[in-house]
Amino acid sequence: MFDPKHPPQNLDDIRALMADLPAADATARDAVLAREPQLTKPEGSLGRLEEISLWLASWQGSARPRASRPRVTIFAGSHGVCEQGVSAFPASVNQQMVENFINGGAAINQICKAVDAELRVMEVALEIPTNDFSREAAMLDEDCAEAMAFGMSAVEPGIDIFVPGEMGIGNTTAAAAIAHALFGGTPADWTGRGTGIDDTTLARKTRVVGDAVILHRNQMADALGVLRCVGGREIAAMAGAILAARFLRVPVVLDGYVSCAAAAILFKMREDALDHCLIGHMSAEPGHKNLIEKLGKKPLLDFNMRLGEGSGAALTLPLLRAAAECHNGMATFETAHVSTRETP
């Protein structure tokens, strides 16, 4: 059982946690299903909003879904694979962007203001790049487990919704390598332009992804092996946060390609591991669409965004809040003295 006071020490501890995932709260689910048909509207007329309120309640363990205390957490990490020239920006941008988040100057700062969400930034050993996974495994077992444990600390009881965001130059290369290793296909199926690279850089990035998966295939016995070999610390931290949220009954809204690559690690270990997650949006990164299909989910938005930072997922928070408020606040046919559908 997950104990925040005793974080996992190694990847075997993570594997043990994955074998003991809590299920949705059946009592809360039944209460929502019983109340929904009584609300003053035609049955099913709120579409996915009804699905969202049911999902929120089921994973929060409450008959009254909540969305008033959402948190967006940006995990920032550095990638050694940047040495291979796979990004349009230098790795030094990592620290500069973290300072921008802290100073309130990034897009996610403005979005969080607009949707009334708390924003936190967590540096995951930002000053220490992972190993260049085109040459060696990105992380040691203990480094990967430590990053996951660090991510677990980002989720606290009392949060209504958790949005994991990220910042890390080179992390779409890591996401592509993770997706390719987990789901097969060709490297080109999973590799996109990320920060806006040109054709030459895209070809190099695609080659790096394919060669890395071949290089490490004998070490990638399971999804955690994939994460260790071709992932990144901020990706491991997001996976840890998503896992902790399951145990703490905090629903999760996933963001773009990198966020979903972190979630895919858990999915490949257990197909029900992401039942407490929704996907906020479909990003413009081509591998993200493929990955969403593999995860068997449907995004809430498609705004052609590819920023990361949790930005696309954060934009869905008003939708979740509206879903909760409709379910909780609407009158029933009985209390509003509204006639129900006539029975022939």
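Residues numbered from 1 in each chain as written. Predicted model: local features only at pLDDT ≥ 70, side-chain atom pairs only at ≥ 80, totals over all residues. Heavy atoms only, no water.

## As for the overall build of the chain
Item 1. Scanning the chain from terminus to terminus reveals 16 helices and five strands.
Item 2. Its C-alpha atoms give the chain a radius of gyration of 20 Å, near enough to 20 Å, the size a compact globule of 344 residues would have.
Item 3. Projected onto its principal axes, the C-alpha positions of the chain cover 70 × 40 × 40 Å.
Item 4. Residues classed as buried in the chain amount to 55% of the 344 residues present.
Item 5. When contacts within the chain are restricted to residue pairs at least 6 apart in sequence, long-range pairs at least 24 apart make up 80% of them.
Item 6. If you sum the accessible surface of the chain, you get close to 14400 Å²; carbon and sulfur atoms cover 51% of it. (Helix = DSSP H or I, 4+ residues; strand = E, 2+ residues; numbered from the N terminus. Rg over C-alpha atoms; globule rule 2.2 N^0.38 Å. Buried < 20%, exposed > 50% of the residue type's maximum accessible area, 1.4 Å probe, protein only. Contact = heavy atoms within 4.5 Å. Areas by Shrake-Rupley, 256 points an atom, 1.4 Å probe, with all protein chains shown as cover.)

## What to know about the packing of helix α6 (residues 141–152) against helix α11 (residues 233–247)
Item 1. α11 packs onto α6 with a crossing angle of 50° between their chain directions and a minimal axis gap of 6 Å. Classified by the interaxial angle, the pair formed by α6 and α11 is oblique. The chirality of how α6 crosses α11 is right-handed. On α11, the residues touching Cys144, Ala147, Met148, Gly151 and Met152 of α6 are Arg233, Ala236, Ala237, Ala239, Gly240, Ala241, Leu243 and Ala244.
Item 2. For the contact of α6 with α11, the residue count by class is 10 nonpolar, two polar and one charged. (Axes fitted to C-alpha atoms, helices over the stretch in contact; angles between N-to-C directions. Parallel < 35°, antiparallel > 145°, perpendicular 65-115°, else oblique. Left-handed = near helix turned anticlockwise from the far one by under 90°. Nonpolar A, V, L, I, M, F, W, Y, C, P; charged D, E, K, R; others polar.)

## Overview of the pairing of strand β3 (residues 161–167)
Item 1. Most of β3 is tucked away: seven of the seven residues are buried.
Item 2. Side chains Ile161, Val163, Gly165 and Met167 of β3 all project onto a buried face; the interleaved residues Phe162, Pro164 and Glu166 project onto the opposite face, where all are buried too.
Item 3. In this structure, strand β1 (residues 70–76) lies alongside β3, joined through seven bridges in parallel fashion. Residue pairing for β3: phenylalanine 75 is matched across the bridge by glutamate 166. (Pairing = 2+ DSSP bridges.)

## Some words on the pattern of salt bridges
Item 1. Tallying each qualifying case throughout the model produces 14 salt bridges.
Item 2. Several salt bridges converge on common partners, so that one network encompasses Arg71, Glu118, Arg120 and Glu156. (Salt bridge = Lys/Arg side-chain N within 4 Å of Asp/Glu carboxyl O.)

## Details of empty space enclosed by the protein
Empty space among the atoms can be located by rolling a probe the size of a water molecule over them.
Item 1. Counted under the stated rule, the structure contains one cavity of 30 Å³ or more.
Item 2. Its boundaries defined by the atoms lining it, the largest cavity holds a volume of some 30 Å³.
Item 3. In terms of lining residues, the largest cavity is bounded by Glu36, Lys41, Leu46, Leu49, Glu50, Ser53, Ala323, Cys326 and His327.
Item 4. Those elements giving two or more residues to the lining of the largest cavity turn out to be α3 (48–60) and α15 (317–329).
Item 5. Residue composition of the lining of the largest cavity, grouped by class: four nonpolar, two polar and three charged. (1 Å grid on protein atoms, 1.4 Å probe; cavity = no way out; pocket = protein on both sides within 12 Å on 5 of 7 lines; lining within 4 Å. Points joined across faces, edges and corners; volume = space filled by probe spheres on them.)

## Re helix α4 (residues 93–102)
Item 1. When α4 is considered as a whole, its buried residues turn out to be Val93, Asn94, Val98 and Phe101. The buried side chains of α4 occupy one side of the element, clustering within an arc of 135° when seen end-on.
Item 2. For α4, the secondary structure elements touched by its buried residues are β1, α5 (107–115), β2 (118–123) and β3.
Item 3. After α4 finishes, the residue glycine 104 shows a positive phi value of roughly 80°. (Arc of directions from axis to C-beta.)

## Regarding the packing of aromatic side chains
Item 1. This structure, assessed with the given rule, holds two aromatic pairs.
Item 2. Where phenylalanine 2 meets phenylalanine 247, the ring centres are 5.6 Å apart and the plane angle is 35°; that geometry is what we call tilted. Separated by 245 residues along the polypeptide, phenylalanine 2 in the segment before α1 (11–18) and phenylalanine 247 in helix α11 bring together distant segments of the chain.
Item 3. On the basis of relative accessibility, which here comes to 11%, the residue phenylalanine 2 falls in the buried class.
Item 4. Its relative accessible area of 12% is what places phenylalanine 247 among the buried residues. (Phe/Tyr/Trp six-rings, centres within 6.5 Å; stacked < 30°, edge-to-face > 60°.)

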